[in-house]
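This is what each chain is made of:
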Amino acid sequence: MVTTGLRPRRSAALRLLVVAVALAGALFGGLLGGAAPASAHAALTGSTPAEGSVVDQAPEQVALTFSEGVAMGDDSIRVLDPKGKRVDRGKLRNLCSAGTVKYGTGLPPGLGDGTYTVAWQAVSADSHPVSGAFTFSIGAPSKTTAPVAQQEAGGGLVGALYGIARALAYAGFVLLAGGAAFVVACRPAAARVRSVQRLVVQGWAVLTGTTVAMLLLRTPYTGSGDLSDVFDLGGLQQVLITKPGAALVSRLLLLAAAALFVAVLFGAYARAQEPRQDGPEDPEGPDAAKDPAEEARRRKDLSFGLGIGGVIVATGLAATWAMAEHASTGLQPAIAMPVDVLHLLAVATWLGGLAALVVSLYWGPPVERTAVRRFSRIAFGSVLVLVATGLYQSWRQVGTWTALTGTTYGRLLLLKVGLVAVLVGIAWFSRRWTARLTEVRTPEPDAAEAAEAADPAEAAEAAVAGRADEEADAPFEKAVTVPAAGPATEPPAVPTAEPATEPPAAPAPEPDDPARAAQLARQQAALRTARSKRLRDADPERLGLRRSVLAEASVAVVLLVVTTVLTATEPARTEEAVKAVSGGQSATVNQPQVLTVPFDTGGPGGKGTARIDLDPGRSGNANELRLRISDPKGRAKDVPEVKIEFTLRAKKLGPLTVVPRHTGKGHWRASGVLLPVPGRWQLSLLVRTSDIDQVTEFRNVKIG
């Protein structure tokens, strides 16, 4: 979990690699979680009229039933006639009752025969948009139906951008909360490390920016899907009164408090961690020489205040996810939301602290053994919290063992568990390296000079390529005195810690050349940086620890990607509930079965088309069968005889004969059609058009 000396070029390349991996991971997670349409967390479990059904008379309303709570408006359910004209009354009806989530819209009387399209859109209780469309027919199906846009809610470019923002928001929270916790609880001196400061501040900036972006994208994400609607102020006002909108606004308010926390952390708290200077009193005033006991008490008070304030702010930020995501709906939300908050805090403490440790070790002064051991203990406690909260969340969202392998959510959860196991395994190796660490020692000047003189070529390389590393270590290097511009009479002094045998890289600057003096100062700083890193690399324990921590961080990026995808996936328990309502099969299987069967008996007037509707198309239930015979021009046509049989060869069942009764010209109907088991049944249709002309057609139909 520690990083030590690298050559300047390798250090710069490693920085680029880490940034690229982090961005690629966030982008990949956003694409998986948002580029495709968001998985339906609230599922449509039924409708009246049923999908694909044919009704004799126009219904008074269209009603939809969902698996969990949804938010809908007057335009959420639209009914279109065969020509694409909207025919519903435009007012949403709340038909919900105890345990049933049901909404509908009224239809006017006198609707003509034909196929009508129902398009619906809603926002599920866990903030994800869902949408769909289906058709039903009045009297008989028509040749044309209303076209409906194929893009689902939460898809397209807006869905991709929203998914990326969600992934980056998780990453920003982890860096902000975990990085700050590392500084306060593990290594207070890291408050003065510039790389750690950048990490935490960037985490705050990323979380703030993505929160604003998500707030603006909510309108097109849950509605039109048009990116230009981000500037719709009316839509933004509607978003603010929803639960996800309130959560995002609360997050912004908490981020304002977090900004004050970060300012104190890297301001007053960082100054309090500065080593006490032993020497002559500062002539500026009596405050320069402070009592050590008073300084210790001040540091303790600051640590306590930052610890309490940080916990409050981090808990509040985590709650903004819990109150608008999976935990806020479904089974036991009063327990699930606090558990979800603990889960997020444990993730941030572990992975965010790991990121802070990585940047400390690669782009900062040597990390003390005590700091690494503190983080190791805290990380172990975080893993225990993750296991406990993760078990509860898994039970709540999955429910059964079969759902672990039989649903997308379950398989993603297994992948996440595997990644956590790999991460814990790598952390075990890191703990072994930690146990072998020795305290950091300041090298003697003679040893430093010998190390510097041993490799003058590398020192020259560092003087040119190490300017970026100079910035990272600047707070911990003594400043080099550079003569001011003006009539100086002596060249700039070289610190005694520099090697006396340094090869002349450039001619000595002229006394009146400030640019040359500044260049020499940069070269001297680069030499010190290179020497410091070589000395750190000479410690094999810290080198091994750095490598194991870098491996942990790489796996952690993948883990965050999988977690982002998991939050955008329909919970297994919901998917299983939809299957249970649908008779044990998927919702697409348990729909009314509609078959169109052309036939030709070979005699005069022997050509035509039969349309067979089997509703609801389930086993174990009494199905209703409707049959319509039409001539080649689509007009209803009577025939002397029709007969239908069902056979399930896999189970050696059948043929089960159905003789429908004639109900009107070209129409037949049979009630109570019972198919005992699900499977792929073979349907045979016999049509006789004269005393000698008949034909039997066969079709397969899948019954759930």
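As the structure is a prediction and not an experimental result, all values here were calculated from the model.

S.K.: Would you mind showing me how to read the overall build of the protein chain here?
M.R.: In terms of regular secondary structure, the protein chain is built from 17 helices and 18 strands. In the protein chain, which comprises 704 residues, the proportion classed as buried is 47%. Summing over all exposed atoms, the protein chain offers an accessible surface of approximately 33,500 Å²; the carbon and sulfur share of this is 60%.

S.K.: Help me understand the sheet that holds strand β3 (residues 61–66) in this model?
M.R.: Hydrogen bonds between backbone groups are what pair the strands of a sheet, and the pairing can be parallel or antiparallel. In spatial order, the strands read β1-β3-β7-β6; together these four strands make up an open sheet with antiparallel pairing. This sheet does not close on itself; its edge strands, each paired only once, are β1 (44–48) and β6 (92–94). Direction aside, neighbouring strands of the sheet carry axes that sit 25° apart on average. The pairing of β6 with strand β7 (residues 101–106) spans three bridges and is classified as antiparallel. The residue of β7 that forms the bridge with Arg93 is Gly104.

S.K.: Got a minute to help me understand the side chain of Thr647 in this structure?
M.R.: Among the structural elements, Thr647 can be located in strand β13 (residues 641–648). Residue Thr647 is classed as buried on the basis of its relative accessible area of 15%. Not counting residues within four places of it along the chain, the set of residues in contact with Thr647 comprises Leu653, Gly654, Pro655, Trp681 and Gln682.

S.K.: Teacher, can you tell me more about the packing of aromatic side chains here?
M.R.: Given two aromatic rings, their pairing is described by the distance between the two centres and the angle made by the two planes. Overall, the coordinates contain eight aromatic pairs when judged by the stated rule. When the ring of Tyr116 is compared with that of Phe136, the centres are 5.9 Å apart and the planes differ by 20°; the resulting orientation is stacked. Note that Tyr116 is positioned in strand β8 (residues 114–124) and Phe136 in strand β9 (residues 129–138), a separation of 20 residues in sequence. Accessibility expressed as a relative area gives 4% for Tyr116, which makes it buried. Through a chain of ring-to-ring contacts, three or more aromatic side chains come together here, namely Tyr170, Phe173 and Trp321.

S.K.: Please clarify how the pattern of salt bridges should be interpreted in this entry.
M.R.: All told, the structure shown has 14 salt bridges when counted by the stated rule. A salt bridge links Glu697 to Arg699; its shortest N-O distance comes to 4.0 Å. In this structure Glu697 comes out as partly exposed when scored by relative accessible area, which is 21%. Here the salt bridges share partners, and the residues they tie into one network are Asp56, Glu624, Arg626 and Arg669.

S.K.: Please explain unusual backbone geometry as it appears in this structure.
M.R.: Trans peptide bonds make up the majority, and among non-glycine residues the majority have a negative phi. In the segment running from Thr48 into Pro49, the intervening peptide bond is cis, with an omega of 0°. Among the secondary structure elements, Pro49 is positioned in the loop between β1 and β2 (54–55). A cis amide bond links Gly654 with the next residue in sequence, Pro655, at an omega value of 5°. Locating Pro655 in the fold gives a position in strand β14 (residues 653–658).

S.K.: Looking at this structure, I do not really get the environment of Glu60. What am I missing?
M.R.: As for its position among the elements, Glu60 is in the loop between β2 and β3. Given a relative accessible area of 48%, Glu60 falls into the partly exposed group. Along the primary structure Glu60 and Pro108 are separated by 48 residues, whereas in three dimensions their C-alpha atoms are 7.1 Å apart. Separated by 2.9 Å, the side chains of Glu60 and Arg93 make a polar contact.

S.K.: Any chance you could explain a nonpolar patch on the surface here in plain terms?
M.R.: A cluster of nonpolar side chains, Leu240, Ile241, Val249 and Leu253, forms an exposed patch at the surface whose accessible area comes to about 380 Å². Mapped onto the elements of the fold, Leu253 is located in helix α5 (residues 243–265).

S.K.: I'm lost on the side chain of Thr115 in this one. Help?
M.R.: With respect to the helices and strands, Thr115 occurs in strand β8. Overall, Thr115 belongs to the buried group, its relative accessible area being 5%. If we skip the residues at most four places from it in the chain, Thr115 touches Asp81, Pro82, Thr135, Phe136, Ser137, Ala140, Pro141, Ser142, Thr144 and Thr145.

S.K.: Help me understand the nonpolar core in this model?
M.R.: Here is a general trend for soluble globular proteins: nonpolar side chains tend to be buried in one another's company. Counting residues in each nonpolar core, the largest one holds 80 residues, and the members touching the most others are Phe173 and Leu265. For this core, the element with the highest residue contribution is helix α8 (residues 333–362), accounting for 16 residues. Contact partners of Leu265, with chain neighbours within four places excluded, come to Ala180, Val183, Val184, Ala191, Ala270 and Leu306. Residues Ile612, Leu614, Ala670 and Val701 belong to the second largest nonpolar core, which totals 26 residues.

S.K.: How should the sheet that holds strand β15 (residues 661–664) be read in this particular structure?
M.R.: The strand order β10-β11-β12-β16-β15 describes an open sheet built from five strands, whose pairing is antiparallel. Bordering the open sheet on either side are β10 (593–600) and β15, each of which pairs with just one other strand. Recorded for the sheet is a direction-independent mean angle of 25° between the axes of neighbouring strands. Where strand β11 (residues 607–615) and strand β12 (residues 622–630) come together, seven bridges link them in antiparallel fashion. Looking across to β12, one finds that Ala610 is bridged to Ile629.

S.K.: What is the right way to read the packing of helix α2 (residues 156–186) against α8 from this model?
M.R.: The relative placement of two packed helices comes down to the angle between their axes together with the axis-to-axis distance. Two elements in contact, α2 and α8, have axes whose closest approach is 6 Å; the angle formed by their N-to-C orientations is 70°. When the interaxial angle is binned, α2 and α8 end up roughly perpendicular. Between α2 and α8, the residues in contact are Tyr170, Phe173, Val174, Leu175, Ala177, Gly178, Gly179 and Phe182 and Leu344, Leu345, Val347, Ala348, Thr349, Leu351, Gly352, Gly353, Ala355, Ala356, Leu357 and Ser360, respectively. In terms of residue class, the contact of α2 with α8 is built from 14 nonpolar, six polar and no charged.

S.K.: Any chance you could explain helix α9 (residues 369–398) here in plain terms?
M.R.: Residues spaced three or four apart along an α-helix face the same direction, because each turn holds 3.6 residues. The first and last C-alpha atoms of α9 sit 42 Å apart over 30 residues, in line with the 44 Å expected at 1.5 Å per residue. Residue Gly399 follows α9 closely and has a positive phi angle near 90°.

S.K.: Would you mind showing me how to read the pairing of β8 here?
M.R.: In regular strands, side chains alternate between the two faces of the sheet. Within β8, ten of the eleven residues are buried, which leaves the element mostly enclosed by the surrounding structure. Bridge count for strand β4 (residues 70–71) against β8 is two bridges, and the pairing is antiparallel. Following the sheet pairing, Val70 is matched in β8 by Ser124. With four bridges connecting them, strand β5 (residues 77–80) and β8 associate as antiparallel partners. Residue pairing in the sheet places Ile77 in a bridge with Trp120 of β8. As paired elements, β8 and β9 share ten bridges and run antiparallel to each other. Directly across from Ala122, in β9, lies its bridge partner Val130.

S.K.: In this structure, what is going on with the packing of α5 against helix α7 (residues 292–322)? I would like to understand it.
M.R.: For the pair α5 and α7, interaxial distance at closest approach is 9 Å and the crossing angle is 160°. With respect to their mutual orientation, α5 and α7 come out roughly antiparallel. Here α5 and α7 pass one another in a crossing that is left-handed. Of α7, the residues touching α5 (which contributes Ala247, Ser250, Arg251, Leu254, Leu255, Ala257, Ala258, Phe261, Val264 and Leu265) are Leu302, Leu306, Gly310, Val313, Gly316, Leu317, Thr320 and Trp321. Residue composition of the contact of α5 with α7, by class: 13 nonpolar, four polar and one charged.

The rules we used
- Residues numbered from 1 in each chain as written.
- Predicted model: local features only at pLDDT ≥ 70, side-chain atom pairs only at ≥ 80, totals over all residues.
- Heavy atoms only, no water.
- Helix = DSSP H or I, 4+ residues; strand = E, 2+ residues; numbered from the N terminus.
- Buried < 20%, exposed > 50% of the residue type's maximum accessible area, 1.4 Å probe, protein only.
- Areas by Shrake-Rupley, 256 points an atom, 1.4 Å probe, with all protein chains shown as cover.
- Pairing = 2+ DSSP bridges.
- Axes fitted to C-alpha atoms, helices over the stretch in contact; angles between N-to-C directions.
- Contact = heavy atoms within 4.5 Å.
- Phe/Tyr/Trp six-rings, centres within 6.5 Å; stacked < 30°, edge-to-face > 60°.
- Salt bridge = Lys/Arg side-chain N within 4 Å of Asp/Glu carboxyl O.
- Polar contact = N/O pair within 3.5 Å; in protein donor to acceptor, adjacent residues only side chain to side chain.
- Patch = residues over 30% accessible without salt bridge, like charges linked within 9 Å, V, L, I, M, F, W, Y side chains within 5 Å.
- Core = buried A, V, L, I, M, F, W, Y, C linked by side-chain atoms within 4.5 Å.
- Parallel < 35°, antiparallel > 145°, perpendicular 65-115°, else oblique.
- Nonpolar A, V, L, I, M, F, W, Y, C, P; charged D, E, K, R; others polar.
- Expected span 1.5 Å × (residues − 1).
- Left-handed = near helix turned anticlockwise from the far one by under 90°.

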